[in-house]
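A closer look at the structure
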Amino acid sequence: MEFGVLGPLQVRAEGDEVEIRAGLSRTLLVALVLRAPDPVSADALIDLLWREDLPRNPANALQIQVSYLRKVLSAATLGSQPIVTRPGGYALDVEHDAVDYRRFERLVTGVPAPDSAQSAAQAEAALRRLDEALSLWRGEALADVAGEAFALAAATRLEEMRWSAHELRNDLLLALGRHRDVVGEVGSLAADQPLRERFHEQLMIALYRCGRQADALRAYEAARSALVEQLGLDPGPGLQQLEQRVLAQDPALDWLPLDPPVDDGPDPAGSLDWRRSSVPAPTTTLIGRESELARIRDLMARGRLVTLTGPGGAGKTRLAIELATEQSRAGPVWYVDLGAIDLPELVAPTIAAAVGATTGPADDPIDVVASAFAAESGLLVLDTCEHVLAGAARVTSMVLRRAPGLRVLATSRRSLGVAGEVAWPVPPLAVALPEGQLVEEIATSPAVRLFAERAQAVQPDFELTGQNAGDVAAICLALDGLPLAIELAAARTDVLTPAAILGRLQNRFDLLVEGAADAAVRQQTLRGAIDWSVELLSEEQRRFFARLGVFAGGFDLPAAEHVAGAGTGDALELLTGLLRHSMVVRDGPERFRLLDTLRAYAEDLLAELDADETRRRHAEHFVAMAEHSEATIRNTAQRDALALLRAESPNLLAALEWSETVGDLEVAVRLAGALSWFWALDGRLDAADRHLRRAIAIDTVPAALRSKVLWGYSLLVSALGDLDEGLRAGHLSVELAREAGDDVAIGAGLNALAVAQWALGDMDAAAVSHDEAIERFGAAHDIWGEAICRVLRARTALDVGEADGEERLRAGLEAARRCGDAHVIGIALGLLAQLHGRRGALSEGIQAATESLALQESIGYAEGTVSALHLLARLRFDADEDECARELVLRGLRLAWKMQHAAAICEALEDLAQIEHRQDAPARALELLATARAERRRRGLPLRVGDRPAVDKLVGQLDPALASEVGDGPDLAHVVSNLLR
C-alpha cells in the first residue's frame, strides 16, 4: 500500500486508488502519514481533529474514525492492516518508500550541484533522479490539511525542497547544454514563484545561451517589476550582477561541456555510440513552431513514448528533426526513417542497420534491437510509421520494456497503439485573417512567415506589401496552415503573383506539384501527400471519407451517418478510424471536420461514386435540422438553437446552393424559409437577401410555403431600407396565406406587412395588420407569434399616443416572457425604456434599456443590439452623459455598417450630430445630419416617430444659414469610415 500527500491525499493498493471520505478521516490519516512509522498519541490526535470543539466523548469519537480507516484499508489490502496500536498511540506501519514525501526526500537528498569536475553521465544520472522525485508531486503539499497548525511546518519544508529541486534540475540542464529546455520550463516556474530570484537568473542564462540577449534583459526587467510590485524591493546583488554580465556579453556565461568526449573511433564491441548523431541536418529554418516545440518537450519530459500525428504535410518530420537536433546536444539520439520500407517485418532490421546493430540469419531482429538499446540512455526517433504500423509498434513496445533509459519519439499519421504512448496531433500553422489587418500584423502569422521565406528562395526580391499581404494570408487560410501545401504554393511565386495563386487554388492539386527534388516522392506534390494517406485506408473507409467531402464545415456523427447512406458500415467505427488516420480532425465537442485540402480531395473521390445522391442526403438532413430549429429559436431553447445553426451555417448554405442550382427547388424554398428568421436574428442580411430573392422567384411551390419565404423576404428588405418592396412582399405573403387558409402563415405575413407599414409611417394600417395578426396567432395557439405582434402593436400605440399604450406594452412584455424569446423580451423592454424616458424617469429608462441590450447581445441578435444601443445612447444623452452616449452610438454604428442596415446607420449619424451640436461643433453636426438626410432621401426612409422631435429640434437650433445648406450631403462611406477609424 502506498500513501501520497504531495498533493491531495492519495492511497493506492495494488495499483488501485482507495477512496477515503473527506473531512476528519482524511485529516487523521494525513497526520499518521506524516509521523509514519512512529506513533501519535490519542490526545494529540484528538487535539488536532477537534481542538476546542470537542465531541461529548472524544476518545470514542477518535475510535470511530480509526475504525473507519482500518475497515477501508483492510478491505483494499484483503486483510492486512497498516494502522496499528502501539504503546505511544496509533501508527501507520509502512515501509519508508511507501510514503511519497519520504521517497521524494530520499531522491533529492545528496544530489550534487553540477560543477566542472562532474561528468555528463553523472549529471544525467542526477537529472533522472530529480525527474523521478519531482514526478511524485500532484499539487500543493498536504493539500487536505492546508493551513492546519500541525501540518504547516512540514508543508513549508516540503514546498521549499520542491522548488530547490527545480532550481537544481535547471542547473543540471544548463550544465548539460540543454538551454532551450530550461527556457521552456523555467518560464512557468518563474511565473509560479516570482519571488525566487534563482529562477529568474536561470531563465536569463538560458535565454542568453540561446542567442537571445534582448530576451534575457527583458526577463530581468520582468523579474525586477515583480519584486518591486510584491515586495517593494529591487532584485538582489546576484540578479543585478547577472544583468550587467549579459549586457557585457561576459564569456563566462557561455556554456562549457561537461566531461568532453575523446574520439577514439567506433567501439568494435557493439556500442551504439558511433551512431548517436544520425539526425539529418535540416536545410531550412523551422518557422512559427515555438509553442509546438515547447509542448512536445513537455510531453517528452513526462512520458517515454510520444507520437506526433497529423495529416500529410502537417510538418511532423520537421518537428521531430528539430527536437532530435536539440536532444543530440545533451545526449545520444538515434534517428531512423521508415519511409522507404513497405513491410512491417522490415522495421526491426531497418532500425538495427541504422544504429549499427548486427543481425545474423538466426537472430530475431526485434530482440537484437532491444538488446542493443538495453543499456542505453537517450532518444530514438522513428520517422514515418503509419504504413508499417504493426512492425513499429512491436519494436517500440519491446525496446521500451528492455531499455528503461530510452525514450522514443515517433511520427505517424496515426498513433502506434502502444501502452503508455502519448499521441499528440501536430496542429497547422497559425493563420492570419486576410481582412481588416495591417501588413505588419499579417506578417507576424507563422503561416505567412513560412510562405514569405519559401517565396524568397525562388524569387529573392519577394516581400510582403499592402497589395499582396491579404492574398498571401488568404492562400494560407485556404491551405489550412499546412506547411507542405504552403511551401508548394510559395514555390510558384517565381511565375505567379499571390493573387494569381489564390485564384488557381480551386485546382490546388494541379497547381501544387513542384516540391523539392530531394524530398520523398510523397512530399513532392500535394496530391501525393494525400494519396499516401488514402492508400492506407480500407475500401469502406475510403468511401466514407469521400462522402464526408460534401460537408462545407464541421459535422456531427448523426449527420455523417445520414450522409453516408444505407448500406454503409458502422459510422462510429469508420469515423474513429479516419480520425486516428488524421484524415478527420476534431472541431469541438462531438464535432469533426475535414481540412479544406482533404475536403477537396474527398470531393474528387466522391465524383467517382454517387455525388448527386450524397448531396441530396446532405440537403435532406440539413433542411430537416433547419425546420426543427425554426421553432426552438423562438423559445427558451433559443441560445442553444442559435449556436447550432451558427455552427452549421456553412453546411446549410452549401445545401441551399446545391438545391437551388442542381437539386430540388422545393427543398431550396423550404430551407430558405426555415432560415429566414435565423438570418434576421444573426444579422446575415447578405445571405438572406441572395437566397430569399431566389426563393420568391420560384412560383411552383405550395402557396403556404411561398407565403413563408415572402414574409421573410419582406422583413429583410424592410431592414435594408427598401420599404416599398417590403410592403409589396408583405401584401403578397398575406394574399397567398389566405389562399392556403393557414392562420399561422396569415399572422406571419401580416406581421411583416405591419413592420413595413410602421416604418413608412402608416400607423393606422400597421395597427390594423397587427390586430388581425394577434387574432390569427391566438386562434392557432402560436404563443410566439402572438407575443411579438402584441409587443409591436404596443409600439405603434405608444408612437401615436393611444391611451392604452402602456397597458398593451405590459401585456406584450408578459406574453414575451411566457414564450421565452430573449429577442422579443428585449424589444418590449426597449419600449418600456422609451416610455420611462418620455416621462423623465431616466434612471428607470436606462435600467430597462441596459437589460434590453444585454438580452439582444446574449443571443447575438445584431439588429436588436443596434436598436438597443441607439435607445440607450439617447437616454444617456438626455442624462447629459455625452461621452458615454458617443461610445454607445459608435458601437451601434460599427455593427450597423457591418450589416449595411440603412435606417440604423442614419439614426447613429443623427445621434452623433446632436452630441456634436451640444459640444459646440455646429458645422460637424450639420455634416452628419446632412449625410443622414441624404441617405434617407435616397432610400425613402422616414424618421422613426419617436426620434422625429429630437431631430427636428436639432435642425431648428442650427444656424439658419448652415441649415439651408443641407443638400445631397457628403459621401456616406467616407463619413462613416472617418468615424470608425
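It should be noted that the structure appears before, not after, this text.
My aim in this report is to walk through the structure given alongside it, one point at a time. (Residues numbered from 1 in each chain as written. Predicted model: local features only at pLDDT ≥ 70, side-chain atom pairs only at ≥ 80, totals over all residues. Heavy atoms only, no water.)

**Here we look at empty space enclosed by the protein**
Unoccupied space between atoms shows up once a probe the size of one water molecule is rolled over them. Throughout the structure, instances matching the rule amount to two cavities of 30 Å³ or more. A volume near 60 Å³ is recorded for the largest cavity. Around the largest cavity sit Val866, Leu869, His870, Leu888, Val889, Gly892, Leu893, Ala904, Glu907, Ala908 and Asp911, which together line it. When contributions to the lining of the largest cavity are tallied by element, the ones reaching two or more residues are helix H40 (862-878), helix H41 (882-899) and helix H42 (902-918). Counted by class, the lining of the largest cavity contains seven nonpolar, two polar and two charged residues. (1 Å grid on protein atoms, 1.4 Å probe; cavity = no way out; pocket = protein on both sides within 12 Å on 5 of 7 lines; lining within 4 Å. Points joined across faces, edges and corners; volume = space filled by probe spheres on them. Helix = DSSP H or I, 4+ residues; strand = E, 2+ residues; numbered from the N terminus. Nonpolar A, V, L, I, M, F, W, Y, C, P; charged D, E, K, R; others polar.)

**As for the packing of helix H27 (residues 611-632) against helix H29 (residues 649-661)**
Helix packing geometry: the angle between the two helix axes and the distance between the axes. Relative orientation of the contacting elements H27 and H29 amounts to 120 degrees, with a least axis distance of 9 Å. Compared by their axis directions, H27 and H29 come out oblique. H29 is crossed by H27, and the crossing has left-handed handedness. Residues Asp612, Arg615, Arg616, His618, Ala619, Phe622, Met625 and Ala626 of H27 lie in contact with H29, whose contacting residues are Asn651, Leu652, Ala654, Ala655, Trp658 and Ser659. Considering only residue class, the contact of H27 with H29 consists of eight nonpolar, three polar and three charged. (Axes fitted to C-alpha atoms, helices over the stretch in contact; angles between N-to-C directions. Parallel < 35°, antiparallel > 145°, perpendicular 65-115°, else oblique. Left-handed = near helix turned anticlockwise from the far one by under 90°. Contact = heavy atoms within 4.5 Å.)

**Digging into the pattern of salt bridges**
When the charged atoms of two side chains with opposite charge come close together, those side chains can pair. Evaluation of the coordinates by the stated rule reveals 65 salt bridges. Arg593 is the salt-bridge partner of Asp587, the closest N and O atoms lying 3.6 Å from each other. By relative accessible area, which is 34% here, Asp587 ends up partly exposed. A salt bridge links Arg839 to Glu806, with the nearest nitrogen and oxygen atoms 2.4 Å apart. In this pair, Arg839 is assigned in the loop between helix H38 (822-838) and helix H39 (842-858) and Glu806 in helix H37 (residues 805-819), connecting sequence segments 33 residues apart. Of the residues examined, Glu806 reaches a relative accessible area of 24% and is grouped as partly exposed. Because the salt bridges share partners, they merge into one network encompassing Asp771, Arg793, Glu802, Asp804 and Arg808. (Salt bridge = Lys/Arg side-chain N within 4 Å of Asp/Glu carboxyl O. Buried < 20%, exposed > 50% of the residue type's maximum accessible area, 1.4 Å probe, protein only.)

**Re the environment of Arg886**
Position of Arg886 among the secondary structure elements: in helix H41. Judged by relative accessible area, which is 17%, Arg886 ranks as buried. Here the alpha-carbon distance between Arg886 and Leu912, two residues 26 residues apart in the chain, equals 6.7 Å. Excluding residues that lie within four positions of it along the chain, Arg886 makes contacts with Leu912, Ile915, Glu916 and Gln919.

**Things to note about the packing of H40 against H42**
The contact between H40 and H42 brings their axes to 10 Å, and the two run at 15 degrees. Here H40 is positioned roughly parallel relative to H42, judged by the angle of their axes. Here H40 runs over H42; the crossing is left-handed. Contacts between H40 and H42 pair Val866, His870, Arg874 and Phe877 from the former with Ala904, Glu907, Asp911, Gln914, Ile915 and Arg918 from the latter. Per-class residue counts for the contact of H40 with H42 are four nonpolar, two polar and four charged.

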